[in-house]
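Residues per chain, in single letters:
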Amino acid sequence: MGWVRMTDNGLDSLLTGLDAQTQCPVESGCANAESGTALVVSCSMSHRPDLSLWPIDSSWTTHRTTTLGGVSWSSRDGQQVVDGTVTHLVDERDISAVLVVGHTQCEVIADLYERWLVPPTREPAGIEARFGPLESVLDDAVDTGVVDRTTPLRTARHRLVECTVVRGVELLTKRLPSSITVAGYVHDQDGVYGMFPGKQYLVAVDGVTDTAELDAGLPEDESIPVGSLCQ
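A quick note: this is a predicted structure, and the numbers were derived from the prediction, not measured.

### Topic: the side chain of Glu 162
As for its placement among the helices and strands, Glu 162 is situated in helix α5 (residues 153-175). The side chain of Glu 162 is buried and forms no salt bridge, while Arg 159, the nearest opposite charge, is found at 8.3 Å. When neighbours within four sequence positions are excluded, Glu 162 is seen to be in contact with Val 186, Tyr 193, Val 203, Ser 228, Leu 229 and Cys 230.

### As for the pairing of strand β2 (residues 37-43)
Residues in a regular strand point their side chains to alternate faces of the sheet. Counting buried positions over the seven residues of β2 gives seven, a clear majority of the element. Relative to strand β3 (residues 61-67), β2 runs parallel, the two sharing seven bridges. Each bridged residue has a counterpart across the sheet, and for Val 40 the counterpart in β3 is Arg 64. As defined by bridge partners, β2 adjoins strand β6 (residues 97-103) across five bridges and the pair is classed as parallel. Directly across from Ser 42, in β6, lies its bridge partner Val 101.

### Section: the environment of Val 182
Tracing the backbone through its elements, the reader meets Val 182 in strand β7 (residues 181-187). The spatial distance from the C-alpha of Val 182 to the C-alpha of Val 40 is 9.9 Å, given a sequence separation of 142 residues.

### Points about the pattern of salt bridges
Opposite charge on two side chains permits them to pair, given that their charged atoms come into close proximity. Per the stated rule, a full pass over the model turns up four salt bridges. Residue Asp 111 is joined to Arg 115 by a salt bridge in which the shortest nitrogen-to-oxygen separation is 2.5 Å. Of the two residues, Asp 111 and Arg 115 both sit in helix α3 (residues 107-117), four residues apart, roughly one turn of that helix. Between Arg 157 and Asp 190 there is a salt bridge, and its shortest N-O distance comes to 3.9 Å. In this pair, Arg 157 sits in helix α5 while Asp 190 sits in the loop between β7 and β8 (200-205), placing the two residues 33 residues apart along the sequence. Arg 157 gets classed as buried once you look at its relative accessible area, which sits at 3%. Residue class for Asp 190 comes out buried when judged on its relative accessible area of 14%. Because the salt bridges share partners, they merge into one network encompassing Arg 154, Arg 157 and Asp 190.

Quick notes on the rules
Residues numbered from 1 in each chain as written. Predicted model: local features only at pLDDT ≥ 70, side-chain atom pairs only at ≥ 80, totals over all residues. Heavy atoms only, no water. Helix = DSSP H or I, 4+ residues; strand = E, 2+ residues; numbered from the N terminus. Buried < 20%, exposed > 50% of the residue type's maximum accessible area, 1.4 Å probe, protein only. Lys, Arg positive; Asp, Glu negative; His and termini not counted. Salt bridge = Lys/Arg side-chain N within 4 Å of Asp/Glu carboxyl O. Contact = heavy atoms within 4.5 Å. Pairing = 2+ DSSP bridges.

See the structure below:
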């Protein structure tokens, strides 16, 4: 797929839809006292992620919330805090696992990078606040050399998607109860983690991102693709 830049009008419409969605997360699956309960945080522009990703399976009760770029946090008084919808569900439900799922064709992340390369002369109302959390991911990626101004646009998008997922997992691991497993996946729509597109790759678990450590910590009976574009 070619590089697609989201228009400001498109972003305004998306933000309006997000405000409605975050007030009413989607629930799927049937309640079962013997199974777990999970929360999936994904980008509002992605296809519905596979709800049987480890450590959850199809028997679990699953709640899903969507945010701009799949961001699972917000900024408050200069600090990063867990997204209000996530904290509400964790407080109201007995959550066993949280999954943060990004996707390689994320136009929100693409737009973020383009705005960094060529800052817009006018920022529509509401967009600056929404991009704030994502800008911190970009700043860190630049500081650590993950991306710079010479990075091809497609490559930058892929790497920044992973960085966003990893940041979400790290924050949720620190702020949520230790009994909750927090895992991060990237839906590889472009075949950049492996030869074939369409798979979902595990990139972080409870703050761990090293691929060897991730492999070693997975159950032996689970076949889970593990990958990273940023190591």
